[in-house]
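Topology and contacts: notes
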Amino acid sequence: MLAWTIYLSFFGVALLMLLPGLSARGARVLALLTASGGLLVALAGAVQHSHGPFPVTVARVPWIQALGIDYHLAVDGISLTLLVLNGLAAVAGILFSWNIEVRTREFFAFYLALIGGVYGVFLSFDLFLLFAFYEVAIIPKYFLIAIWGSTRKEYGAMKLALYSFVGSAMVLVGLIAAYVAAGSHGFDLNQMSQFVFPESFQFWAFPVVFVGFAILAGLWPFHTWAPTGHVAAPTAASMLLAGVVMKLGAYGALRVAMTLFPAGLRAWQGSIAVLAVIGIVYGAMVALVQKDFKFVIGYSSVSHMGFVLLGLMTLEVTGLSGAVLQMFSHGIIAGLLFGVVGRMVYDRTHTRELSELEPMSLGQALPFAGVTFVIAAVASMGLPGFSGFVAELSVLIGAWKAFPPLALCGGLGIVVGVAYLLRALQRAFFADHPPSPASAHPLEPISVPERIGAMLLIGVSLLIGLYPRLLLDLIVPSWQSPLFAQLRREAGL
Amino acid sequence: MSSGNYVELLQQAGPETLVSVAALAVLFVDLGVMRSEPARNRRLIAAAVSAFGCLAALLWTFNMPLPHAVAPGLLVVDPLTQLVKQVLLVLTLFTAAISLDAAFTDHVGEYFSLLLLATVGMMFLVSSDDILMVFVSLELTSLSLYILTAFNKRNPRSAEAALKYFLFGGMAAAFTLFGLSLLYGLSGTTSLAGISAGLRGKGLDPLLAVALVMTVIGFGFKIAAVPFHLWAPDTYQGAPIPVAALIASGSKVASFFIFAKVMMVGFAGVEGSGSWGALVPGWVPVLAVMAVFSMLLGNLGAIAQSSVRRLLAYSAIAHGGYMLLGLLAAGHAPTRHQGIAAVVYYAATYGLTTVGAFGVVAAVGGAGERDGLRDFAGLSRRAPALSLCLLVFMLSLAGIPPLAGFFGKFYVFTAAAGAQPAHLGLLWLVIFAIAMSAVSLYYYLQVLKQVYVAAADADAQPVKASLSDQIALSLLALAVLLLGALPQPLLLERLEAAARLVAP
């Protein structure tokens with residue numbers, strides 16, 4: 001059934017492309033229906049398959065026998081979590097882009113193509129298929145940013161496309177080499193994860209594939225696409241970029257690099273953990289000095305994704321599960337932050353400069369935006385009760401067991417995180433300024449779709465924050481699946 | 001050869017015969033009957049006759065008893081050559097379809113007739129099993145293409161392109177002939193199998209090395225591999241667009257196929273090795289070097305182009321480099337059949353894509369044959385269907401799934417990587433190729449950026465693609481999509497089986 005998440009999305013793309021007479025409103029409704037359908041299917045699938053044993057096969061058909069490739073879709077708790085996240089981000093993104101009037105039909109066609117590609121990656125258990133979906137997701141991002149973006153949009157779009165493509169080129173090298181090294185039998189993940197690659201091979205293949213994926217996860221120093229890309233993108237696209245696409249990178253790194261090459265992972269574990277922590281601290285520090293509101297959030301994404309990568313490197317159940325939980329949590333919270341900055345503020349004020357926002361006292365002009373941002377900010381800081389708290393705490397606990405000094409530095413990142421969010425919050429919404437003539441224009445009130453989207457994301461973050469077992473009961477058993485047999489052996493889990 | 005064999009020969013060479021007859025029929029109909037009709041009708045009738053000939057030949061290839069050795073040592077007809085000929089016929093059909101709007105010449109009959117004769121040459125080339133046959137068919141193809149390149153007499157570029165193509169081509173033919181004559185001198189026979197038998201165990205003596213280099217130069221010119229690529233950008237830009245499409249598609253398919261055959265069969269035993277740090281002289285390292293430089297120069301050259309046709313020319317050079325990787329794989333025992341199958345799959349799908357891309361360029365450029373990047377600005381709002389087709393073709397060339405270009409690359413790369421499985425000897429080439437294809441995304445996106453992102457110039461002409469163009473281009477786009485998404489049932493099933501027969 002879960003396969004319908006993919007089919008529905010691409011069906012939506014086809015409908016949007018083939019109905020040239022569709023009005024903007026019709027396109028929006030069609031996209032929302034498709035995305036909601038996808039979310040419902042993902043939720044139903046998560047309930048249906050929650051008992052395991054993982055991995056559960058969803059569909060399997062021989063596809064390209066010449067190279068032993070199957071159309072093989074399957075899930076474990078990790079992919080179920082991310083499928084639900086993708087569904088949520090997709091629906092929220094559409095609600096936050098209800099005001100797109102230029103080439104609406106094309107916008108949602110590209111948007112749904114991206115969503116469909118992401119569903120595909122999370123569902124693929126054949127590495128060729130996974131790679132194909134991973135590449136399918138690159139092109140719509142480019143057009144979404146280049147056509148509907150702002151602020152050096154063509155530069156940001158091309159940079160993102162080339163970074164992604166270079167990353168996927170590295171992955172492709174690793175995949176082909178692994179295919180040949182494993183005897184050219186095929187690309188099935190279950191089979192390949194049982195094959196023990198020679199250690200010398202893993203030593204170079206692991207970093208190639210891991211970094212190839214992690215470029216998209218914002219691994220420092222390959223993160224530079226992220227701030228420019230996020231800032232240039234239209235609201236819905238930055239929600240997806242931060243919310244889902246960065247997770248694509250982290251998921252690929254876990255699903256492919258860490259699963260196939262655990263011995264290589266062992267060798268590089270420390271170095272990558274250091275890079276992850278540098279990303280956490282560096283992202284937070286840079287966010288602290290940004291003048292552009294959206295850049296603050298852009299760099300905060302780099303910082304928070306550092307927690308995901310740090311969690312993955314702990315090789316310890318609490319840390320690993322924390323990393324997956326953080327993927328989900330950051331997807332929701334970053335989506336919300338970008339929604340506020342891009343849609344609620346920028347689309348109304350047409351500026352994102354904090355110094356220009358200060359005199360507008362948006363806290364009074366747009367009270368709903370102010371409150372939403374306060375909630376999103378405290379969730380992002382890791383206030384108990386929100387999902388970010390559980391996730392980052394788990395990562396830090398795991399990291400404390402594996403590398404105590406790095407855990408301390410990571411904790412420092414959280415402190416700086418509080419600082420930059422409070423600074424942005426204060427300057428954008430609650431500046432102590434006399435109302436200036438510029439704010440005399442009443443700003444368009446927050447619309448209903450925006451309110452629904454914001455409520456949805458806040459609700460989910462609270463739900464997971466208060467009852468994390470909803471997801472942890474899916475994630476934790478996944479580490480026991482045969483897929484991770486080699487990883488368990490190597491890490492001594 | 002007894003007289004009974006002639007009937008058989010005619011039967012086995014039926015497709016070629018049918019196309020030749022069609023070539024003559026086109027001339028006859030156009031010059032004899034249609035002379036005074038309006039040009040559009042003349043083109044329609046000529047294209048219809050050509051299409052009829054190609055379709056008849058296609059049908060014939062599907063209904064022939066196989067496998068069968070005809071005139072042993074001269075021509076060979078096996079499932080693989082049949083498949084490649086079918087590809088060639090389909091490519092010619094589409095070239096004829098996009099020629100329907102080619103208002104650049106009044107010599108309609110001669111144009112279509114030469115198009116078909118070039119195809120006949122390519123088909124014989126594919127079947128050749130003898131170096132004399134190879135040379136004769138090569139010349140038939142080349143001469144037809146030289147004339148076709150010069151066909152637009154209103155455009156001085158066309159004449160310049162033809163002259164360049166002809167001078168380079170003539171020189172290359174001399175090299176080929178010299179190389180082949182040395183082969184004959186060394187082995188005392190002209191049949192490929194005989195040559196390989198005659199040379200067995202001799203190793204790479206200096207004379208054979210000269211023969212090898214000369215032959216490679218000749219074929220390197222045909223496939224526009226660096227450093228024998230200089231004619232390509234000018235020819236692609238100057239030649240009438242449908243002709244450029246045929247040079248980039250059909251001619252490339254046939255040349256690559258015969259190149260692979262001559263190397264695999266004729267030079268069997270002197271492969272050498274292209275492993276990183278352990279080069280052994282032979283044809284594999286020679287082709288490896290050519291592949292590296294083709295990919296490098298093609299991709300970097302394409303970045304700087306502002307004419308889409310020149311961009312496609314440089315990208316064709318780069319794609320030639322990728323295809324050479326498949327040829328290298330075919331030179332190694334573990335991937336012999338996968339290598340040849342990969343070359344054919346890649347060349348066939350690349351041919352379809354590139355005919356499509358040139359078709360769009362022709363439709364956008366109109367009578368003025370404008371092909372600057374700026375001429376594509378805002379195309380998606382002026383001609384949405386055409387833009388969608390171009391999107392498919394460009395992304396396929398860039399290697400984005402689920403399009404044919406993606407699987408083609410993947411297939412070629414896995415073949416090359418698997419050629420020396422023990423120590424991944426050719427992996428360095430695959431790494432280089434993958435890195436270069438990451439570069440290529442940049443310039444394909446430059447075109448698509450104009451089409452989808454940029455706003456149209458105020459004085460931009462409306463784009464009206466004719467019905468025939470629209471049908472042909474949509475079919476091509478659909479084929480590129482389907483061949484990429486479902487390669488196994490559509491092509492690989494037959495291709496792999498046929499390749500296994502030839503290269504067990």
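Check the entry above for the structure.
Residues numbered from 1 in each chain as written. Chains lettered and ligands numbered in written order. Predicted model: local features only at pLDDT ≥ 70, side-chain atom pairs only at ≥ 80, totals over all residues.

With that out of the way, let us pick up the pairing of strand S2 (residues 69-75) of chain A. All names here are of chain A. Of all seven residues in S2, five are buried; the element is thus mostly enclosed. Across seven bridges, strand S1 (residues 56-64) lies against S2 in antiparallel orientation. Paired with Ala 59 across the two strands is Leu 73, which belongs to S2. Hairpin connection of S1 to S2: four residues between the antiparallel strands, including Gly 68 at a positive phi of 65°. (Buried ≥ 20, exposed ≤ 12 C-beta atoms within 10 Å, placed from the backbone. Helix = DSSP H or I, 4+ residues; strand = E, 2+ residues; numbered from the N terminus. Pairing = 2+ DSSP bridges.)

Looking now at unusual backbone geometry. Cis geometry is found at the peptide bond from A:Phe54 to A:Pro55, where omega equals -10°. A cis geometry characterises the amide bond from B:Val226 onward to B:Pro227, with omega recorded as 10°. Along the chain, B:Pro227 falls in the loop between helix H10 (206-222) and helix H11 (231-238). In this structure, A:Arg103 is a non-glycine residue whose phi angle is positive, near 45°. With respect to the secondary-structure elements, A:Arg103 resides in the loop between helix H3 (77-96) and helix H4 (104-123). Backbone geometry at A:Ser184 places phi at a positive 55°, although glycine is not the residue there. Mapped onto the elements of the fold, A:Ser184 is located in the loop between helix H7 (153-181) and helix H8 (189-192).

Counting from both sides, the interface comprises 27 residues of chain B and, opposite them, 28 residues of chain A. Elements with a contribution of two residues or more to the side of chain B that touches chain A: helix H18 (384-398), helix H19 (404-417), helix H20 (427-453) and helix H22 (487-502) of chain B. Top contributing element to the side of chain B that touches chain A by residue count: H20(B), with twelve residues. A class-by-class count of the residues in the side of chain B that touches chain A yields 22 nonpolar, three polar and two charged. (Contact = placed C-beta atoms within 7 Å. Nonpolar A, V, L, I, M, F, W, Y, C, P; charged D, E, K, R; others polar.)

Take the environment of A:Ala253 next. All names here are of chain A. If you trace the backbone, Ala 253 turns up in helix H11 (residues 235-260). Considering only alpha carbons, one finds Ala 253 and Phe 213, 40 residues apart in sequence, at a separation of 5.4 Å. Excluding anything up to four places from it in sequence, Ala 253 contacts Phe 210, Phe 213, Ala 214, Ala 217, Met 258 and Leu 312.

Moving on, we get to the packing of helix H5 (residues 79-98) of chain B against helix H21 (residues 467-485) of chain B. Residue and element names in this part refer to chain B. For the pair H5 and H21, interaxial distance at closest approach is 9 Å and the crossing angle is 150°. Considering the angle they form, H5 stands roughly antiparallel to H21. Viewed along their axes, H5 and H21 form a crossing whose handedness is left-handed. Contacts between H5 and H21 pair Phe 94, Ala 97 and Ile 98 from the former with Ser 468, Asp 469, Ala 472 and Leu 476 from the latter. (Axes fitted to C-alpha atoms, helices over the stretch in contact; angles between N-to-C directions. Parallel < 35°, antiparallel > 145°, perpendicular 65-115°, else oblique. Left-handed = near helix turned anticlockwise from the far one by under 90°.)

This part covers the packing of helix H13 (residues 293-314) of chain A against helix H14 (residues 317-349) of chain A. Running from amino to carboxyl end, H13(A) crosses H14(A) at an angle of 175°, the nearest separation of the two axes being 8 Å. When the axes of H13(A) and H14(A) are compared, the pair comes out roughly antiparallel.

All names here are of chain B. Between its first and last C-alpha, helix H16 (residues 336-365) extends 43 Å over 30 residues, near the 44 Å set by a 1.5 Å rise per residue. Within H16, 29 of the 30 residues are buried, which leaves it mostly tucked inside the rest of the structure. Following H16 by one or two positions, Gly 366 adopts a phi angle in the positive range, close to 65°. (Expected span 1.5 Å × (residues − 1).)

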